[in-house]
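# Reading the structure
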Amino acid sequence: MESSQTTRANCYSRETTTRYATIVVDPETDGFNPESRIFLERANVTRERVHHVDVLDDGTFVGLYELHGDADRIRSGVRYLPRVLSYDVTGTDPVFIYLHEEATEPARTLFEELRSTKIVLDRPFEHRTDGTLQLTIIGEDDALRRTFDSLADIVDVDLVEIGDYYPELGNLDALLTDRQRQILRLAVERGYYEVPRQVTHQELAEESNLCQSTVAEHLQKIEANVLPHVIQ
């Protein structure tokens, strides 16, 4: 018979350290939704963020996506996508689109795998300029490792960074304007903050259609707004 001390010990939860892993997946190589990709290219639409996506019990998807482009072209084009069951387009810049659609098998497998693990998805997910999707998963070390390994069997995935999770750092995004977030995302992707630096102000300016002094000013303001909060 168990002692009363053992019984009481079994009543307490185990305290763990919450960790995060930022990963990049490349859905383009696995045929997640080729019709949508073709439509976006033809309509000159840029994918910005995935604010919500989930698999329903019937295997279909619902999602809320943030796009940059002409709302009328998006509205007129999305109706012809073969997998879309219903949709709604709102806003101008950015444009938000709600989709209820049939999922491709790779996409369904990916999100069902995410739902079956002991991790939390930190939304929104960010679309990068190269077509990949960056997302952050939160949980214990073992759960993060198992999730990464499982995803690697389904889709091309790379680990960007991993560390202890501090929720307050997620609010730093609110300190930046939309333009500053775009410049910062481009700077990070192009290696501006790598050692040695992989890109110059001029190269960032040419890619973002801005002048060099404007890019330099944006980066200076970004650092001035964010860094004091990081060291608190």
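Residues numbered from 1 in each chain as written. Predicted model: local features only at pLDDT ≥ 70, side-chain atom pairs only at ≥ 80, totals over all residues. Heavy atoms only, no water.

Taking an unreviewed UniProt entry as the reference, the chain is identified by name as Helix-turn-helix domain-containing protein belonging to Natrinema soli.

### Section: the sheet that holds strand S6 (residues 120–127)
One open sheet accounts for 8 strands, arranged S4-S5-S3-S2-S6-S7-S1-S8; its pairing is antiparallel. Of all the strands in the sheet, just strand S4 (84–90) and strand S8 (156–164) have a single pairing partner and so form its edges. Ignoring which end each strand starts from, the neighbouring axes of this sheet average 20° apart. Seen against the sheet, helix H3 (residues 71–78) touches strand S3 (60–68), S4 and strand S5 (95–102) and runs at an angle of roughly 170° to S4. (Pairing = 2+ DSSP bridges. Helix = DSSP H or I, 4+ residues; strand = E, 2+ residues; numbered from the N terminus. Axes fitted to C-alpha atoms, helices over the stretch in contact; angles between N-to-C directions. Contact = heavy atoms within 4.5 Å.)

### Thoughts on the packing of helix H4 (residues 105–116) against helix H5 (residues 141–152)
H5 packs onto H4 with a crossing angle of 165° between their chain directions and a minimal axis gap of 10 Å. Comparing the axis directions of H4 and H5 gives the class roughly antiparallel. Two packed elements cross with a definite hand, and for H4 against H5 that hand is right-handed. Between H4, through Leu 110, Glu 113 and Leu 114, and H5, the contact on the second element is made entirely by Thr 147, Ser 150 and Leu 151. (Parallel < 35°, antiparallel > 145°, perpendicular 65-115°, else oblique. Left-handed = near helix turned anticlockwise from the far one by under 90°.)

### A closer look at the nonpolar core
Burial of nonpolar side chains together is a common tendency in soluble globular proteins. Grouped together as the largest cluster of nonpolar side chains are 38 residues, with contacts concentrated most on Ile 74, Ile 97, Phe 111, Phe 125 and Leu 135. Considering every element that reaches this core, the biggest residue donor is H4, with 4 residues. Apart from residues lying up to four places away in sequence, Phe 111 is in contact with Val 53, Val 55, Phe 61 and Phe 125. Judged by nonpolar contacts, the second largest core, of 12 residues, contains Ala 187, Tyr 192, Leu 204 and Val 215. (Core = buried A, V, L, I, M, F, W, Y, C linked by side-chain atoms within 4.5 Å. Buried < 20%, exposed > 50% of the residue type's maximum accessible area, 1.4 Å probe, protein only.)

### Notes on the pairing of strand S7 (residues 133–139)
Put simply, side chains in a regular strand alternate between the two faces of the sheet. Among the 7 residues in S7, 6 count as buried, and that is most of the element. As judged from the 7 bridges shared by strand S1 (residues 19–26) and S7, these two strands associate in the antiparallel manner. Paired with Tyr 20 across the strands is Ile 138, a residue of S7. Joining the antiparallel neighbours S6 and S7 is a turn of 5 residues, in which Gly 131 adopts a positive phi near 90°.

### Brief notes about the environment of Val 84
Following the sequence through the fold, Val 84 ends up in strand S4. Linking Val 84 and Ser 36, residues 48 residues apart in sequence, is a C-alpha distance of 9.7 Å. In contact with Val 84, other than residues within four places in its own chain, are Val 78, Leu 99, His 100 and Glu 101.

### Structural notes on H3
Residues of H3 that are buried include every one of Ala 71, Ile 74, Gly 77 and Val 78, and no others. Down the axis of H3, the smallest arc covering the buried residues is 140°, so these residues share one side. Capping of H3 at its N-terminal end is provided by Asp 70; its side-chain oxygen lies 3.1 Å from the backbone amide nitrogen of Asp 72. (Arc of directions from axis to C-beta. Polar contact = N/O pair within 3.5 Å; in protein donor to acceptor, adjacent residues only side chain to side chain.)

### With respect to the pairing of S5
Where S3 and S5 come together, 8 bridges link them in antiparallel fashion. Among the inter-strand pairings, Leu 67 is bridged to a residue of S5, identified as Val 95. Relative to S5, S4 runs antiparallel, the two being bridged by 6 bridges. By the bridge assignment for S5, Tyr 87 is matched with Leu 99.

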